[in-house]
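Listed below, chain by chain, are the residues.
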Amino acid sequence: MNRFNLRSSSALNYCFGHYTPRAEMIEWDRKGEQKPIGDFMQKYVDFGNLHEKSGIAKWILINKQMPTEILSEQKNYVVENFLNLKGDTLVDLSCTPDGRFEDTLIEVKCGSLGKNPHEWEKAKVYLAQISLQQYVLNSLGIEINRTHLLSWSNNGTRVWEISRNTVFEHYLLELLEEYAICLLGKGDVDKKPKKFEGEHKIKLIYGEE
């Protein structure tokens, strides 16, 4: 039995080819490798990994609550064969949220290498990742109704509350199904998928725009 694993953190590439074209992403997945991100992007990844704990600490200070599944206790959630494919090759969908408190997930991002928190126009690229995280946990029987997207920096923090949007989930799942079928060698992936025309329920709950 062969398996592929799609990760929510790469949703922008799977669904839209945002950083890596979809067809190229498929080739990397077929090889079981990750595309090198280069020194420029690596410093952002390293900074984010280093300061994830700062974002979690800020969430605790804001909410006066202690979340679970944070830092070294993070959990990787997997929906096996999420498309119910038949045959000897299956495709899983996984995610690793930065934390959880009751029915709320926590996702930490670090803006501009700590200079300033994200503005929403840049932060909204994380919607696909967040939506798939919510889908995965709910599929596994863990009720998740919202995510707190926290953008931490040395000069301020913003937190957006993003409610679950099943319409957007279905939109993403259609794109993932197309990607997965092409990953298995059946057809060509659409370079420019149709845009999502629905609305999201998002509100800024901490910080100023």
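Structure's up top.
Residues numbered from 1 in each chain as written. Predicted model: local features only at pLDDT ≥ 70, side-chain atom pairs only at ≥ 80, totals over all residues. Heavy atoms only, no water.

It is worth spelling out the overall build of the chain at this point. Within the chain one finds six helices and eight strands. The C-alpha atoms of the chain give 17 Å as radius of gyration, which agrees with the globular expectation for 209 residues (17 Å, within 12%). Oriented by its inertia axes, the alpha-carbon framework of the chain measures out at about 50 × 40 × 35 Å. Within the span of the chain, comprising 209 residues, buried residues form 47% of the whole. Pairs at least 24 residues apart make up 69% of the contacts formed inside the chain by residues separated by at least 6 positions. If you sum the accessible surface of the chain, you get close to 11,500 Å²; carbon and sulfur atoms cover 48% of it. (Helix = DSSP H or I, 4+ residues; strand = E, 2+ residues; numbered from the N terminus. Rg over C-alpha atoms; globule rule 2.2 N^0.38 Å. Buried < 20%, exposed > 50% of the residue type's maximum accessible area, 1.4 Å probe, protein only. Contact = heavy atoms within 4.5 Å. Areas by Shrake-Rupley, 256 points an atom, 1.4 Å probe, with all protein chains shown as cover.)

Another point: the sheet that holds strand β3 (residues 89–95). Strand order across the open sheet formed by three strands is β1-β3-β2, with mixed pairing between neighbours. In this open sheet, the two strands that pair with only one neighbour each are β1 (2–7) and β2 (77–79). For this sheet, the mean angle separating the axes of adjacent strands, direction not counted, is 30°. Relative to β3, β2 runs antiparallel, the two sharing three bridges. Of the residues in β3, the one forming a bridge with V79 is L93. The strands that helix α6 (residues 166–183) touches are β1 and β3; relative to β1, the one it contacts most, it runs at about 145°. (Pairing = 2+ DSSP bridges. Axes fitted to C-alpha atoms, helices over the stretch in contact; angles between N-to-C directions.)

In this structure the tally under the stated criterion is ten salt bridges. A salt bridge links R22 to E178, with the nearest nitrogen and oxygen atoms 3.1 Å apart. Residue R22 is found in helix α2 (residues 22–31), and its partner E178 is found in helix α6; the two are separated by 156 residues along the sequence. Close ionic contact of R146 with D103 constitutes a salt bridge, the shortest N to O distance being 2.8 Å. With a gap of 43 residues between them, R146 in strand β6 (residues 146–153) and D103 in the loop between β4 (99–101) and β5 (104–110) connect regions that are remote in the sequence. We classify R146 as partly exposed; its relative accessible area is 24%. (Salt bridge = Lys/Arg side-chain N within 4 Å of Asp/Glu carboxyl O.)

Here we take up helix α3 (residues 38–63). The periodicity of an α-helix, 3.6 residues per turn, causes residues three or four positions apart to be oriented the same way. For α3, built from 26 residues, the straight-helix expectation of 38 Å at 1.5 Å per residue is met to within 8% by its first-to-last C-alpha distance of 37 Å. Within α3, the axis deviates most sharply at H51, by approximately 45°. Where α3 is concerned, the buried positions are F47, H51, E52, G55, I56 and W59. Considering only its buried residues, α3 is in contact with β4, β5 and β6. (Expected span 1.5 Å × (residues − 1). Bend = angle between axes of the 7 residues up to and from the residue.)

Quick look at the environment of L172 now. Locating L172 in the fold gives a position in helix α6. Each C-alpha atom of the pair L172 and Y14 lies 9.4 Å from the other, and the pair is 158 residues apart in sequence. Contacts of L172, omitting those with residues within four sequence positions, involve C15, F16, A128, S131 and L132.

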